[in-house]
Every structure is written in C-alpha cells, then in structure tokens.
Amino acid sequence: MNIFKKLYCRIYQLVFKIAIPFLPYRQPKLLENYGDLCNKLKERNFNKVLIVTDNGLYSLGLLDNIEKIFRQNNIDFVVFKDTVANPTTDNVENAKKIYLENNCQAIVAFGGGSSLDCAKAVGAMIAKPKKSLYQMKGLLKVRKKLPMLVAIPTTAGTGSETTLACVITDSKTRHKYVINDFCLIPEFCILDASLTINLPKNITATTGMDALTHAVEAYIGRSTTTSTRKYSLEAIKLIFENLEKVYNNPNDLVARQNMLKASYLAGLAFTKSYVGYVHAIAHSLGGKYNVPHGLANAIILPKMLIKYGKCVYKKLSKIAKHVGIASKNTTNKVASTIFINKIFEMNKNMNIPTKIEQIKLHDINLLASYADKEANPLYPVPKLFDKNQLAKFYYDLV
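Please read these numbers as outputs of a predicted model, since none were measured by experiment. (Residues numbered from 1 in each chain as written. Predicted model: local features only at pLDDT ≥ 70, side-chain atom pairs only at ≥ 80, totals over all residues. Heavy atoms only, no water.)

### Overview of the pattern of salt bridges
Rules: Each reported salt bridge corresponds to a side-chain nitrogen of Lys or Arg within 4 Å of a carboxyl oxygen of Asp or Glu. Here a strand is any run of E in DSSP of at least two residues, a helix any run of H or I of at least four, and the numbering for each starts at the N terminus. Accessibility here uses a 1.4 Å probe with only protein chains present; expressed as a share of the type maximum, an area under 20% marks a residue as buried, one over 50% as exposed, and anything in between as partly exposed.
One pass over the full model with this rule turns up 7 salt bridges. As a salt-bridge pair, D372 and K5 come within 3.2 Å of each other at their nearest N and O atoms. Taken together, the positions of D372 in helix α14 (residues 364-375) and K5 in helix α1 (residues 3-19) put the pair 367 residues apart, joining distant regions of the chain. Looking at D372, the relative accessible area reads 11%, which means it is buried.

### So, a nonpolar patch on the surface
Using the following cut-off: Candidates for patches are residues over 30% relative accessible area with no salt bridge; among them, like charges are joined within 9 Å and nonpolar side chains (Val, Leu, Ile, Met, Phe, Trp, Tyr) within 5 Å. The method behind every accessible area is Shrake-Rupley, applied with a 1.4 Å probe, and residues are considered shielded solely by the protein chains displayed.
On the surface, L7, I11 and V15 cluster together into a nonpolar patch covering about 280 Å² of accessible area. Tracing the backbone shows L7 in helix α1.

### Notes on helix α6 (residues 113-127)
Our working rule: Here a helix's expected span is defined as the number of its residues, less one, multiplied by 1.5 Å.
In this model, α6 (15 residues) spans 21 Å end to end at C-alpha, consistent with the 21 Å of a helix rising 1.5 Å per residue. Most of α6 sits out of view: 13 of its 15 residues are buried.

### Quick word on the packing of helix α11 (residues 293-308) against helix α13 (residues 332-349)
Formally: Helix axes use the C-alpha atoms of the stretch in contact, all axes being lines fitted to C-alpha atoms, and the angles between their N-to-C directions lie in the range 0 to 180 degrees. Oblique is the label for any angle not under 35 degrees, not over 145, and not in the 65 to 115 range, which are roughly parallel, roughly antiparallel and roughly perpendicular in turn. Handedness of each helix crossing follows the sense of rotation of the near helix against the far helix: counterclockwise by less than a right angle gives left-handed, clockwise gives right-handed. By definition in these notes, contact holds between two residues if any of their heavy atoms fall within 4.5 Å.
For the pair α11 and α13, interaxial distance at closest approach is 10 Å and the crossing angle is 160 degrees. One way to sum up the angle between α11 and α13 is to call them roughly antiparallel. Here α11 and α13 pass one another in a crossing that is left-handed. Here A298, L301, P302, K303, L305 and I306 of α11 come into contact with α13, specifically with F339, I340, I343, F344 and N347.

### Comments concerning α1
Residue pairs three or four apart in sequence face the same way in an α-helix, which turns once every 3.6 residues. To keep things clear, this is the line we draw: Here the arc refers to the directions that run from the helix axis out to each C-beta atom. In the analysis that follows, any N or O atom pair within 3.5 Å is treated as a polar contact, provided that within protein one partner can donate a hydrogen and the other can accept it, and provided that, for residues neighboring in sequence, both atoms belong to side chains.
When the terminal C-alpha atoms of α1 are compared, their 24 Å separation across 17 residues agrees well with the 24 Å that a helix rising 1.5 Å per residue should span. Here α1 has its buried residues at C9, R10 and Q13. Looking straight down α1, one finds its buried side chains confined to an arc of 90 degrees; they lie on one side. In α1, those exposed residues whose orientation departs by more than 90 degrees from the buried face are F4, L7, V15 and I18. The backbone nitrogen of F4 lies 3.0 Å from a side-chain oxygen of the residue at the head of α1, namely N2.

Here it is in structure tokens:
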C-alpha cells in the first residue's frame, strides 16, 4: 500500500478510535425467556409481530415454543421463513412486504446470523422507506429508530445479536456489503442454549469459529478499549474450553450456554473494535460463491494471522497465555505460533477443510477489490494490505 493511502487509512481509523467513548453504543437487554418478551410487547401495547427465520429451523419445529407462548398471551404473529444463507435484497424486500401488509409493530429475529441480518435490514427499510439498502451501505446511513427488534440466536457464533452491523447480498450482482449503524443493535436478546442442540456438527463448528474470529480480530486490531479487550479474552477462553466439547457432545447444555455467552461477548467486542481482513475476504467469498461465512472465517483466520507476522506476536502471545496454552515465560513469537497452531488443530479436529474450492482464479482480482473496498480504511487492522497484496492471499486459499 502506498504511503498516502496508508496515512489516510490510519488517520481515518484514529478518528473513530478517539470517537468510541462518545458514540451511542449500547448492549441489548438480556431477557430470561419468551414470557419476558411477551411482557415487553404488552408494555408497549404491541400485539402483532413479524418473526424472521429460515425454512430449516421452521421445518424442525424450533419455533413451536415461542409461537405457543405468543398465542397464550394473545400476541398475533406472522412468519417470514425464506431467509437464505447470506441473506439477499430480495429476502429483505419480501419480509418488509409481509411486515407492512400485516401491520406489524415489532420484529423478532429467530435463527443464525442470516436471519438476524435479514431482520435488521427489514427494520432499516421500515425506518427509512425512501432509501434502498444499497443507499444505506457503510457507516451511519440509517440514523433513525427501528421498530422494536428482538434477537433470538440459534447458533453460537455470529454475535449479530449484539452488533450494529448487518451484511446483505445484492440479489442481482451477488455483491455483499455491510450496513453499520447504532440503531441496528437489537433492543432485546434471548440466549436459549436448548435451541442450539439440534445444530448439525459442521454448523456448530463453523459458527463457533466465527465467534473466535470476531474475538481475535477485535483484540489484535488498533481500536481496542479496556472493555473490548476484556470481552475478547473471555470469549476466546470460553471457545477454547467449550467448542470441541459441544462438537463431540451436542447435548452438553452447559457448554452450549457457554458458547452462546462467548458469541455474545465476542459480538460486544467487535461491534466497537471492528474486525479485519479475515472478514472482508470472507464476505467477498460469501457474496460471490455463497461460501458460509463461518466456514470461510475458520479457514482464513490462521492463515491471515501468519501473514500479519511479527506485528501480532505480542497480542497473540497475551491471548495464548490467557487461555493457558503457553506458559508465562514463553517468548512472544513462540506463544503466537502456539496459538495459531491451536486454531489449525481445532479446525482439523472438527473436520474443517484448509482450502476453499469454490474460488475461481479469474475472479481473484474482483474479489480482492471487494475486500479492499470493505476493509480500507474502515477496519483498524494490525497491518495494512492493498488490493494487490490481498489478491495474493486468495491464492493461499485455493
């Protein structure tokens, strides 16, 4: 990256870091159960809700409990169950139409990151009906209160229940982009470990590695705060201690609840301190080839940490020592290598591949361009790469 662009990126990131204490970040209020949610709806005289989910969860009957409790409390609801992995602009338009046709007053996002992102985008379009999603791309383009938004994650990984971001794929161009605004942070959240028990093992693995990526990228970036460093370290420790447990024993509710907590904490960390090139590259692959986001992150993360080199030795060493895989006397370089190797080991133990077969060589320049536009100057990465340097990285994934 040339010196002028590098300077621009770092000044841009410094301004946001200085602004963090003054920005209206907030945490979703954690509710104990669906009964508490009904009480919150009744307090506002809301009696019609849109539930945004996907067909897989709906067909498994995972919504039966919340639907039953809504009926018992005389709360009417409609369900949009067509959310796809990497939710599209068409998904959002269709869900918005259902919301408006049924005079809904609140949105419940029930599912993984795709359902949560779709619900956030629906809320944004309700709040700003004259703007397209693409016009809200980037930072602080919504700036208007959304309808009451409740997040009920069914995977322990995306952290979308805590964040100001939603990721949408253009149905026509397949370009994936991010909308960031404080009003997209859900107002309420329910963490129910029982909802994650029936997840396929590969989804348990990749969503857990997604949470790990959030925590690691937030920690090694240049816009950390005391609280985000604390959240990241706690999240990483919980993931190291619990992810392979739930992979090997899906019915371990304690470990699953710990993974939901880890995902929540990682979300709190990266919504303030941002992510990095791992996410930018993963988003480009999700948009172009529909590669699941958690899978892409899991494969990319250890390779990117190697590429960052010595500028992340100290921080990775601190993580390794905090989670107990390196001793206090281990040098930073060795401890960071231990940490990276641990990630490779976890991937191997959970049958996560080392390559992304969908990548076509003739697409790499375009993919690198997407990643460059997303990450630079926004993401406060430990080391800056330009489009050409990012392009070279994609070849390591093929």
